[in-house]
Structure formats: structure tokens, C-alpha cells
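# Survey of secondary and tertiary structure
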Amino acid sequence: MALTTSRSISLSGQSIINGITVETYNASVSETNPESMYINQSTVNNEMRKANRAQCRKDRDEFEELAYSIQDEIISKVATAKED
């Protein structure tokens, strides 16, 4: 049996409205297989979310764009390393 390891980049974010956390977001990108990315969203305060859906959607979209840009960065690094 041999030890195998992997590294991943984790990103977390929160949609905070009037000082209250309404939603949380998490993403994880594997450095060894960056094509595979995990994104999770969790609603913390359902009433605030219902009252602020547009802002929550905007925050979630912004988080996802950031996660995808990090993923693209890692994919590019892995491709460059393979070329060397």
C-alpha cells in the first residue's frame, strides 16, 4: 500500500446583507485534476434570502465567476507544466 495525496484550492464566500449572513458559498478545485470543481451553496437565513433574492443571485454569480477564474488559472498552470 502506498500513500497518495492531492492538493486542492478552497474558496469560501458569504452573502451578507445588513450585517446578516444570508447565504454561504464554498468551492474546491483539485490541483491534480482541475477540470473537476466542487461548488456548494447553503442558505443560512431563508427569510432574508426571500426578501433579497436579486442580491443573493448577484453574490452567488460573482462567487462562481471567481471560482471559475481560479479553476482556469490552475488548468493553465497544469497545461504549462505538462509542456515542460
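One can find the structure itself at the top, above this paragraph.
A brief look at the structure comes next. (Residues numbered from 1 in each chain as written. Predicted model: local features only at pLDDT ≥ 70, side-chain atom pairs only at ≥ 80, totals over all residues. Heavy atoms only, no water.)

## Overview of the sheet that holds strand β2 (residues 20–30)
Stated precisely, the cut-off is as follows: Two strands qualify as a pair provided that DSSP identifies no fewer than 2 bridges between them. In this description a helix means any DSSP run of H or I spanning at least four residues, a strand means any run of E spanning at least two, and both kinds are numbered starting from the N terminus. Axis geometry follows a simple rule: fit a line to the C-alpha atoms, using only the stretch in contact for helices, then measure angles between N-to-C directions, giving values from 0 to 180 degrees. In what follows, a contact means two residues having at least one pair of non-hydrogen atoms within 4.5 Å.
On the basis of which strands lie adjacent, the open sheet formed by 3 strands has the order β1-β2-β3 and antiparallel pairing. The two strands at the open ends of the sheet, each matched to only one other strand, are β1 (8–17) and β3 (37–43). Across this sheet, the average inter-strand angle for adjacent strands is 15 degrees, counted without regard to direction. Judged from the 7 bridges that link them, β2 and β3 form a sheet pairing that is antiparallel. Bridge pairing in β3 places Tyr25 opposite Gln41. Packing of helix α2 (residues 53–83) onto the sheet brings it into contact with β1, β2 and β3, and relative to β2 it is tilted by some 15 degrees.

## Brief notes about the nonpolar core
Across soluble globular proteins, nonpolar side chains have a tendency to be buried as a group. What counts here: Among buried residues, those of type Ala, Val, Leu, Ile, Met, Phe, Trp, Tyr and Cys that are joined through side-chain atoms within 4.5 Å constitute a nonpolar core. A simple rule labels every residue: compare its accessible area, found with a 1.4 Å probe on the protein chains alone, to the largest value its type can have, and call it buried under 20%, exposed over 50%, or partly exposed in between.
With 8 residues, the main nonpolar core is built from Leu11, Tyr25, Ala27, Val29, Met37, Phe63, Ala67 and Ile74. With near-sequence residues (within four places) excluded, Ile74 lies in contact with Ile9, Val29, Ser30, Glu31 and Pro34.

## A few points about the pairing of β1
Bridge count for β1 against β2 is 10 bridges, and the pairing is antiparallel. Looking across to β2, one finds that Leu11 is bridged to Ala27. The hairpin turn running from β1 into β2, its antiparallel successor, is 2 residues long, and Asn18 in that turn takes a positive phi close to 55 degrees.

## So, the side chain of Gln71
Mapped onto the elements, Gln71 comes out in helix α2. Ignoring sequence-local partners within four residues, the contact set of Gln71 consists of Val29, Pro34, Glu35, Ser36 and Met37.

## Topic: unusual backbone geometry
We note that Asn18 has phi near 55 degrees; this positive angle belongs to a residue other than glycine. By secondary structure assignment, the location of Asn18 is in the loop between β1 and β2.

## A closer look at the environment of Ile9
Residue placement: Ile9 occurs in strand β1. Here Ile9 falls in the partly exposed class, since its relative accessible area comes to 31%. For Ile9 and Tyr68, which are 59 residues apart along the polypeptide, the C-alpha to C-alpha distance reads 12 Å. Those residues in contact with Ile9 that sit more than four places away from it in its chain are Ala27, Ser28, Val29, Glu31, Ile70 and Ile74.

So, to be careful, I would describe these as geometric facts and stop short of saying anything about function.
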